[in-house]
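# Structural characterization, general
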Amino acid sequence: MWTVHELCEISGVTARALRHYDAVGLLKPTEVSAAGYRLYDDAALERLQQILLFRELEFSLKEIKAILESPGFDRNRALEQQITLLELKKEHIENLILFAKGIKLIGVNRKMDFTAFDTGKIDQYAREAKKLYESTPEYQEFLEKSKDWTPERDRAMEAQIMGIFARFGEIRDTDPGSPEAVALARELQGFITENFYNCSDKVLMGLGKMYSGGGDFTENIDKAGGPGTAEFAARAIAAATGLE
């Protein structure tokens with residue numbers, strides 16, 4: 001587990017920013033110690049890395065939350081974008097270093113090329129990466145439905161959906177294709193459609209795979225319902241939709 005101080009040191013994020021991420025439901029501590037200290041595990045650290053990536057791509061915190069919780073989120077694609085963006089920034093910094101060394105060697109020259117300061121390639125890449133997420137109907141619908149949400153509403157929505165997963169946990173040792181399990185999957189689908197975006201069977205199946213795919217989603221669901229809840233919910237969703 002990482003303390004707030006340790007997480008700030010390794011990430012460069014301030015404690016104030018972490019408190020704000022917690023308040024808006026973007027990055028919650030994995031647990032709070034008996035002494036009241038917020039603690040973060042490796043899954044939380046991975047989510048923070050994803051948050052910082054999208055901040056580099058100039059997304060707002062609300063947009064980042066919508067992306068990370070959407071069924072279309074692809075961690076591998078996000079990592080590829082991060083690598084490309086860092087390479088572009090590295091190239092930009094190297095050009096600035098060469099520019100500064102040139103001034104040091106020959107002084108200021110009226111004919112000197114100022115293209116080293118051009119961030120056009122970085123800005124264009126960030127815009128194109130952003131469009132990949134903005135174009136999905138689920139993303140647009142979520143932004144519209146949540147535009148007037150307060151942090152309190154965010155927490156209420158999270159509590160309700162985790163309540164559904166807690167009920168999955170109560171029956172996780174039974175048949176995921178049972179009427180009760182399938183009914184819970186359909187209840188989850190209805191809740192998402194009503195409060196976030198249209199959750200078709202295909203979207204629900206994608207969410208099921210994300211829930212059981214590891215990382216903070218799996219850990220949070222298993223925390224709500226007990227070990228194995230995320231996997232059971234995914235299997236119940238598969239039974240409900242008939243998709244693979």
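So, how was this worked out
- Residues numbered from 1 in each chain as written.
- Predicted model: local features only at pLDDT ≥ 70, side-chain atom pairs only at ≥ 80, totals over all residues.
- Heavy atoms only, no water.
- Salt bridge = Lys/Arg side-chain N within 4 Å of Asp/Glu carboxyl O.
- Helix = DSSP H or I, 4+ residues; strand = E, 2+ residues; numbered from the N terminus.
- Buried < 20%, exposed > 50% of the residue type's maximum accessible area, 1.4 Å probe, protein only.
- Phe/Tyr/Trp six-rings, centres within 6.5 Å; stacked < 30°, edge-to-face > 60°.
- Pairing = 2+ DSSP bridges.
- 1 Å grid on protein atoms, 1.4 Å probe; cavity = no way out; pocket = protein on both sides within 12 Å on 5 of 7 lines; lining within 4 Å.
- Points joined across faces, edges and corners; volume = space filled by probe spheres on them.
- Nonpolar A, V, L, I, M, F, W, Y, C, P; charged D, E, K, R; others polar.
- Expected span 1.5 Å × (residues − 1).
- Arc of directions from axis to C-beta.
- Contact = heavy atoms within 4.5 Å.

Another point: the pattern of salt bridges. In the structure shown here, the tally under the stated rule is 5 salt bridges. Across the salt bridge formed by arginine 155 and glutamate 152, the nearest N and O atoms sit 3.4 Å from each other. Pair noted here: arginine 155 and glutamate 152 are both in helix α8 (residues 151-170), with a separation of 3 residues, about one helical turn. Measuring nitrogen to oxygen at the nearest pair gives 2.7 Å for the salt bridge that ties arginine 186 to aspartate 201. Linking arginine 186 in helix α9 (residues 179-195) with aspartate 201 in helix α10 (residues 201-211), this pair joins segments that are 15 residues apart in sequence.

What follows is about the environment of glycine 163. Take glycine 163: it is sitting in helix α8. The class of glycine 163 is partly exposed, set by a relative accessible area of 28%.

Once that is clear, we can look at the packing of aromatic side chains. Enumeration according to the criterion identifies 4 aromatic pairs in this entry. Judged by centre distance (6.3 Å) and plane angle (70 degrees), the rings of phenylalanine 168 and phenylalanine 232 are edge-to-face. Note that phenylalanine 168 is positioned in helix α8 and phenylalanine 232 in helix α12 (residues 229-241), a separation of 64 residues in sequence. For the pair shown, phenylalanine 168 and phenylalanine 232 are each scored as buried. Pairwise contacts between aromatic rings join Phe165, Phe168, Tyr211 and Phe232 into one cluster.

Below, the discussion takes up the sheet that holds strand β3 (residues 38-40). Where strands meet in a sheet, backbone hydrogen bonds hold them as pairs that are either parallel or antiparallel. On the basis of which strands lie adjacent, the open sheet formed by 3 strands has the order β1-β3-β2 and antiparallel pairing. If you trace the sheet from one side to the other, it starts and ends with β1 (2-3) and β2 (31-32), each paired once. Two elements, β1 and β3, share 2 bridges in a ladder whose sense is antiparallel. When the bridges of β3 are listed, tryptophan 2 appears paired with tyrosine 40.

Glancing now at the layout of surface pockets. Of the volumes computed, that of the largest pocket is approximately 740 Å³. Along the wall of the largest pocket there are 37 residues; nearest its centre are Glu69, Glu158, Met162, Phe217 and Asn220. Contributing elements (two or more residues each) for the lining of the largest pocket: α3 (42-56), α4 (61-68), α8, α10 and α11 (215-225). For the lining of the largest pocket, the per-class residue count stands at 22 nonpolar, 4 polar and 11 charged.

Below, the discussion takes up α9. In this model, α9 (17 residues) spans 24 Å end to end at C-alpha, consistent with the 24 Å of a helix rising 1.5 Å per residue. Within the span of α9, buried status applies to Ala181, Leu184, Ala185, Leu188, Gln189, Phe191, Ile192 and Asn195. Take α9 and look down its axis: the buried residues cluster within an arc of 160 degrees, on one side only. Opposite the packed face of α9, turned more than 90 degrees from it, sit the exposed residues Pro179 and Glu194. Those residues of α9 that are buried lie in contact with α7 (137-145), α8, α10 and α12.

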